[in-house]
Structure formats: structure tokens, C-alpha cells
Amino acid sequence: MMSNLNLDQIRSFLAVLESGSFTAAAQTLGVRQSTVSGHIARLEQALDRSLLMRDTHRVAPTPDGQAMIGFARDVLEAHDRLRAFFSPGGLRGRIRLGVSEDYTLSALAQVLARFADGHPSVDLQLTVGLSRALYQGYDAGELDVIFCKRRRGDPRGELAWAEELVWVGRPGFAPDPALPLPLVLYPPPSITRTLALDALEAAGRSWRIACTSGSLMGLRAAVEAGLGIAPHSARVMPPGLAPIPETAGLPDVGEVEFVVLGSGRQHAPATALQEAILASTAELQAVPEG
């Protein structure tokens with residue numbers, strides 16, 4: 001009897017449970033209620049199990065129906081992946097994506113996971129680095145798409161959003177105006193490093209490099225330890241850090257633009273990924289709960 005199982009029956013089963021009734025399931029699936037009822041009856045017959053408890057008020061799964069939910073979702077997910085993989089119009093190929101480390105700890109992982117699930121025939125290769133290094137890789141043909149801070153004077157790329165930078169330090173940290181300002185920065189080439197140093201030079205404020213790290217986590221650890229201060233997003237303030245008060249008299253750092261730069265329409269997978277990232281900017285900017 002197992003050979004009588006089909007996907008329509010399984011879809012109807014899940015639709016009934018997710019919508020709470022046969023009528024709502026029929027509306028969701030665009031079929032008649034009698035069709036949904038028939039699907040459920042044939043599914044139960046094929047499995048020789050009762051899957052749903054029905055009364056005048058609600059529909060609930062039986063113990064066997066509860067067990068069936070996971071199997072049903074796995075079957076439909078595998079079917080959808082199979083169709084996407086062998087679809088003549090499906091995306092295929094390789095995308096070499098470069099991402100600024102600023103957003104490797106954000107919702108970008110979920111965005112990329114959805115893209116990978118929707119395009120199983122696309123091989124996604126990820127490189128994480130400083131924005132200027134990513135530009136160099138893109139210009140050298142080593143990367144197909146980059147998601148990073150806009151390089152000064154470079155108009156290329158689609159703007160995702162602009163973000164204000166502020167000086168941050170350990171809570172209570174007060175720079176001594178009589179001493180060079182201790183800085184915790186990325187190594188060159190770094191866009192935020194350049195903005196910070198240019199702002200200090202323009203203001204005539206002396207400075208020294210207290211710590212250099214190519215890792216965002218390393219920079220944060222050094223600032224938390226009180227080694228110095230660093231430019232950081234004003235929107236997302238990590239635990240253990242605080243903005244330096246305006247009374248310290250430090251110059252504004254300015255803002256950075258995050259852009260997505262892709263290979264153009266001649267590379268369909270890269271274009272699709274670029275559009276997926278741009279469509280998810282609200283999700284990517286969401287402040288993580290902590």
C-alpha cells in the first residue's frame with residue numbers, strides 16, 4: 001500500500017494541520033474541500049494509520065499523525081530540492097563571495113542559507129576579509145560578488161545602507177587630552193582606519209596605535225581590556241563597550257556605506273545572490289538580541 005503515497009496527499013495533510021481545518025487547507029491549496037478530504041483518507045488508507053482527530057471544533061494529529069509531520073516535511077523539502085536541482089531553468093555554477101568581517105556575525109548566515117537551499121546547483125564559496133582587500137580580489141577577478149564598505153572615491157556597487165561611526169571604549173574610559181589618543185584599529189588597508197586617522201589629523205589630535213588586529217573579535221577584546229578606543233557602528237553596540245562621551249572632544253569619524261558589487265547580468269548566479277542580499281537589508285541591519 002505504501003506505493004500509493006503521493007505528494008498531493010502529503011501536502012494536504014500538512015495544510016490541514018497548519019491551517020487548522022479542511023476548509024482553510026482547501027483555500028490554501030486552491031482545491032475543493034472534498035479533494036482535501038479524499039487526500040487524507042487515501043493517505044491514512046495507504047499507511048493503515050489514523051493521522052487526524054476530527055471534531056466540530058478542531059483538527060489535531062493523532063500520535064501517528066504527529067510522527068508523520070516530520071516525515072512529511074522532509075519528503076516535500078527533498079522533492080523541492082530535487083526539482084530545483086534538475087530544473088532546466090535553475091541556476092548553476094559557482095559564486096565566489098567576499099564579505100567584510102563586520103557582518104559575518106549578523107543575519108547574513110541565514111540569508112546565505114536560504115539562497116543555498118533555493119539554488120542547490122550553485123556552489124557558493126565564501127571569503128571573509130577587510131573591505132579594501134575584497135575590492136582588490138574583485139578587481140583581480142578572484143571574487144564574483146563582494147559585500148563590504150564602499151571604498152573612498154569608488155562609485156561602483158549598489159548601496160545597501162549607510163552607517164554612522166562613533167568612538168567606542170571600555171565603559172568609563174576617559175582619554176587624557178594631554179596624551180596621544182590610544183587607538184585599536186584594523187591594519188591597512190582598512191576603510192574605518194583611514195576614516196579615523198584622517199579625522200584625527202584634520203582635528204590636530206595626536207594619536208598612537210595601541211593595538212592592531214585583523215579580527216573584529218580581536219579589536220573588541222582589546223577595547224574591552226582598556227588598551228584604547230576604536231571607531232565602531234553607532235547602531236550596534238557590543239556588550240562591554242560604550243560610546244566615548246562628546247565631552248572628550250574627539251572629532252566625528254563620519255559614516256561608511258555598505259555596498260554590494262556584482263559581476264553583472266552576464267553571471268546569472270552572482271546577480272541572483274546580489275539581489276538576495278539587497279532584498280534582505282532590513283534583516284541584516286536588525287540589532288541581534290542579546
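Treat the numbers as computed from the prediction; the structure is a model and nothing was measured.

Sheet topology places strand E6 (residues 158-169) next to strand E11 (residues 254-261); seven bridges connect them, and they run antiparallel. Paired with glutamate 164 across the two strands is glutamate 255, which belongs to E11. Across four bridges, the pairing between E6 and strand E9 (residues 230-233) is antiparallel. Bridging across to E9, valine 166 finds its partner in histidine 232. The pairing of E6 with strand E10 (residues 242-243) spans two bridges and is classified as antiparallel. Residue glycine 169 lies in a different strand from E10, and its bridge partner there is alanine 242.

Turning our eyes to something else, we now look at the side chain of arginine 150. Position of arginine 150 among the secondary structure elements: in the loop between strand E5 (145-149) and E6. Within the local environment of arginine 150, its side chain forms a polar contact with the backbone oxygen of arginine 156, the two atoms lying 2.8 Å apart. With residues up to four places along the chain from it excluded, the contact list for arginine 150 reads Tyr135, Pro155, Arg156, Gly157, Leu159, Ile191, Glu257 and Val259.

Bringing the layout of surface pockets into the picture now. Empty space among the atoms becomes visible once a probe the size of a water molecule is rolled across them. The calculated volume of the second largest pocket comes to roughly 250 Å³. Along the walls of the second largest pocket sit Glu164, Leu165, Val166, Trp167, Ile244, Pro245, Glu246, Leu250, Pro251, Asp252, Val253 and Gly254, which together make up its complete lining. A per-element tally of the lining of the second largest pocket places E6 first, with four residues. Taken together, the residues of the lining of the second largest pocket break down into eight nonpolar, one polar and three charged.

Right, let's talk about the side chain of threonine 62 for a bit. With respect to the helices, strands and loops of the structure, threonine 62 is situated in the loop between strand E2 (59-61) and helix H4 (63-86). The contact partners of threonine 62, leaving out residues within four places of it in the chain, are Ser50, Leu51, Leu52 and Met53.

Moving on: the packing of aromatic side chains. Under the counting rule described, the total for this entry stands at three aromatic pairs. Arranged with centres 6.0 Å apart and planes meeting at 75°, the rings of phenylalanine 147 and tryptophan 161 form a pair that is edge-to-face. A residue pair is termed long-range when its members are at least 10 positions apart, and phenylalanine 147 in strand E5 and tryptophan 161 in strand E6 qualify at 14 residues. Take phenylalanine 147 and tryptophan 161: they sit in the same class, and that class is buried. A ring pair is formed by phenylalanine 147 and phenylalanine 258, whose centres lie 6.4 Å apart and whose planes are at 55°; its orientation type is tilted. With phenylalanine 147 in strand E5 and phenylalanine 258 in strand E11, this pair connects stretches of sequence that are 111 residues apart. The rings of Phe147, Trp161 and Phe258 are connected pair by pair, giving a single aromatic cluster.

Turning our attention to the pattern of salt bridges. Any two side chains of opposite charge can pair, on the condition that their charged atoms come close. The final tally for this structure, using the stated rule, is 10 salt bridges. For aspartate 154, the salt bridge identified is with arginine 151, shortest N-O distance 2.8 Å. Linking aspartate 154 and arginine 156 is a salt bridge whose minimum nitrogen-to-oxygen distance equals 2.8 Å.

Moving on, we get to the nonpolar core. Counting 36 residues, the largest nonpolar core has Phe147, Trp167, Leu183, Ile229 and Leu284 as its most contacted members. Where this core is concerned, the elements lending two or more residues are strand E3 (93-100), helix H5 (108-118), E5, E6, strand E7 (181-185), helix H7 (191-203), E11 and helix H9 (268-278). When residues in this core are grouped by element, the largest group, five residues, is from H7. Not counting chain neighbours up to four residues away, the residues in contact with tryptophan 167 comprise Leu183, Ala196, Leu200, Ile229, Ala230, Pro231, Ala242, Pro243, Ile244, Leu250, Pro251 and Val253.

This part covers empty space enclosed by the protein. If you walk through the whole model with that rule in mind, you get one cavity of 30 Å³ or more. One number sums up the size of the largest cavity: a volume of about 50 Å³. When the residues that make up the lining of the largest cavity are grouped by side-chain class, the tally is three nonpolar, four polar and two charged.

Turning our eyes to something else, we now look at the packing of helix H2 (residues 22-29) against helix H3 (residues 33-47). Each packed pair of helices is defined by two parameters, the angle between the axes and the distance between the axes. Close contact between H2 and H3 brings their axes to 8 Å; oriented N to C, the two are set at 105°. As the angle between them shows, H2 and H3 are arranged roughly perpendicular. Together, Phe22, Thr23, Ala25, Ala26 and Leu29 of H2 and Gln33, Val36, Ser37 and Ile40 of H3 make up the contact between the two elements. A breakdown of the residues in the contact of H2 with H3 according to their chemical character gives six nonpolar, three polar and no charged.

Below, the discussion takes up a negative patch on the surface. There is a patch of like negative charges on the surface, built from Glu164, Glu246, Asp252 and Glu255. Relative to the helices and strands, aspartate 252 resides in the loop between E10 and E11. With relative accessibility at 71%, the residue aspartate 252 sits in the exposed group.

The next subject is the confidence of the model for the chain. Scored by pLDDT, the chain comes out at a mean of 86, with 90% of its residues at no less than 70. Within the chain, helix H10 (residues 281-285) has the poorest average pLDDT of any element, 81, and E7 the best, 97.

What counts and how
- Residues numbered from 1 in each chain as written.
- Predicted model: local features only at pLDDT ≥ 70, side-chain atom pairs only at ≥ 80, totals over all residues.
- Heavy atoms only, no water.
- Pairing = 2+ DSSP bridges.
- Helix = DSSP H or I, 4+ residues; strand = E, 2+ residues; numbered from the N terminus.
- Polar contact = N/O pair within 3.5 Å; in protein donor to acceptor, adjacent residues only side chain to side chain.
- Contact = heavy atoms within 4.5 Å.
- 1 Å grid on protein atoms, 1.4 Å probe; cavity = no way out; pocket = protein on both sides within 12 Å on 5 of 7 lines; lining within 4 Å.
- Points joined across faces, edges and corners; volume = space filled by probe spheres on them.
- Nonpolar A, V, L, I, M, F, W, Y, C, P; charged D, E, K, R; others polar.
- Phe/Tyr/Trp six-rings, centres within 6.5 Å; stacked < 30°, edge-to-face > 60°.
- Buried < 20%, exposed > 50% of the residue type's maximum accessible area, 1.4 Å probe, protein only.
- Salt bridge = Lys/Arg side-chain N within 4 Å of Asp/Glu carboxyl O.
- Core = buried A, V, L, I, M, F, W, Y, C linked by side-chain atoms within 4.5 Å.
- Axes fitted to C-alpha atoms, helices over the stretch in contact; angles between N-to-C directions.
- Parallel < 35°, antiparallel > 145°, perpendicular 65-115°, else oblique.
- Patch = residues over 30% accessible without salt bridge, like charges linked within 9 Å, V, L, I, M, F, W, Y side chains within 5 Å.
- Areas by Shrake-Rupley, 256 points an atom, 1.4 Å probe, with all protein chains shown as cover.
- Lys, Arg positive; Asp, Glu negative; His and termini not counted.
- Charge placed at Lys NZ, Arg CZ, Asp CG, Glu CD.
- pLDDT = per-residue confidence, 0-100.

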